[in-house]
Every structure is written in C-alpha cells, then in structure tokens.
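Residue strings, one per chain:
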Amino acid sequence: MSSLTDKEILDFVRENLTLDKDENGSYKLKEIRCPVYGDVLNDIFGDVVGDVVGDVYGNVVGTVEGNVVGTVEGDVKGTVCGDVGGTVCGHIGGDVGGNVLGDVVGTVCGNVCGNVCGNVGGNVCGNVGGGVLGRVQEK
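For every chain, the first residue of the written sequence is number 1, and numbering continues from 1 onward in sequence order. Predicted model: local features are reported for residues with pLDDT of at least 70 only, side-chain atom pairs are reported and counted for 80 or more only, and whole-chain, interface and lining totals are derived from all residues. Each side-chain value is derived from all of the structure's non-hydrogen atoms; neither hydrogens nor water enter the calculation.

1. Focus on the overall build of the chain
Moving on, step 1. Numbering of helices and strands runs from the N terminus, with a helix taken as a DSSP run of H or I at least four residues long and a strand as a DSSP run of E at least two residues long. Along its length, the chain carries one helix and two strands.
Moving on, step 2. Along the chain, from the amino end to the carboxyl end, the secondary structure elements read α-β-β.
Moving on, step 3. With the radius of gyration taken over C-alpha atoms, the globule rule is written as 2.2 Å times the number of residues to the power 0.38. Its C-alpha radius of gyration of 19 Å places the chain more than 25% over the 14 Å reference for a compact globule of 139 residues.
Moving on, step 4. With respect to the three principal axes, the spread of C-alpha positions in the chain is 60 × 35 × 20 Å.
Moving on, step 5. Residue pairs at least 24 apart in sequence account for 0% of intrachain contacts in the chain once pairs closer than 6 positions are excluded.
Moving on, step 6. Accessible area of the chain: about 9,400 Å², with a carbon and sulfur share of 50%.
Moving on, step 7. We count Lys and Arg on the positive side and Asp and Glu on the negative side, and we leave His and both chain ends out. Just so you know, the charge point we use is NZ for Lys, CZ for Arg, CG for Asp and CD for Glu. Counting 9 positive and 20 negative side-chain charges, the chain places the centres of these two groups 6 Å from one another. Note on contacts: a residue pair is in contact if any heavy atoms of the two residues lie within 4.5 Å. Calculation of accessible area relied on Shrake-Rupley with a 1.4 Å probe; when residues are assessed, cover is drawn exclusively from the protein chains displayed.

Written out as structure tokens, the structure is:
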C-alpha cells in the first residue's frame, strides 16, 4: 500500500467529509460521502443512506428502509421495511414490511406483513400477514 501525500489527504477530506466544531472546540464529523471500509467505533447521530454490511451493537432509533441481515444487539425503535433475516436482540418498535426469517428476542410492536419463520421471544402486537412457522412466546 503506498502512502498518501498531504495534498491527496486534503483533497479527500474536502471532497468526502464535512467537519465542524462543537462549543468546546472538539471536532465533529458531520457528513461522510464515501464508503467506510472499517468499523465505526462510536455513535451515528444521523442517517445512513446506504447499506451496513455488518452487525449493529446498539439501538437503531429510526426506520430501516431495507433488510436486517446481520445481528442488531439492541432495539430497532422504528419500522423495518424489508425482511428481518438476522437476529434482533431487543424489540422492534414498528412494523416489519417483509418476513421475520431470523429471531427477535423481544416484542414486535407492529404488524408483520409476511411470515414469521423465526422465533419471537415476546408478543407480536399487530397482525401477521402470512403464516407463523416459528414460535411466538407471549408474555
């Protein structure tokens, strides 16, 4: 791997990152306009307009417009518009637009438009549009 020049680094930052300072003078990364090929080791206080190809070790507070394929080690506080193919270790606060193919440890607070093939550790508070092939553990 070749080393980058100072000009290349500065050009990359200008084209791909928006920086700001808070009231304490600490730098904040406000926008990233390029892929991240590594880990984000802190919180994201904004939207992800792309895919997360890995696990989320925290809560998703907004809506997932696509599928959950990996593991979410927390709650999904909004709606999942696609399938839940992986495991959600917490609750899903809204609807699931597709199927629950993986497991949800907690409760699905909305409707599941497709099938529930995995297990749900709590209740499904809404309607299930398809069949329930997994186990729903009512609490």
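That was the structure; now back to the text.
2. Here we look at the pattern of salt bridges
Between side chains of opposite charge, a pair can form when the charged atoms approach closely.
Moving on, step 1. Here, a salt bridge means any side-chain nitrogen of Lys or Arg that lies within 4 Å of a carboxyl oxygen of Asp or Glu. Within the structure shown, the criterion is met by six salt bridges.
Moving on, step 2. Among the ionic pairs, Asp-11 bridges to Lys-7, the shortest N-O distance being 2.7 Å. Residue Asp-11 and its partner Lys-7 are both found in helix α1 (residues 6-16); the two are separated by four residues, about one turn of the helix.
Moving on, step 3. Relative accessibility decides the category of a residue: with a 1.4 Å probe and only protein chains considered, values under 20% of the type maximum give buried, values over 50% give exposed, and everything between is partly exposed. For Asp-11, a relative accessible area of 25% translates into the label partly exposed.
Moving on, step 4. Lys-7 sits in the exposed class, given a relative accessible area of 56%.
Moving on, step 5. Residue Asp-75 pairs with Lys-77 through a salt bridge whose shortest N-O separation is 3.9 Å.
Moving on, step 6. By relative accessible area, Lys-77 is classed as partly exposed at 44%.

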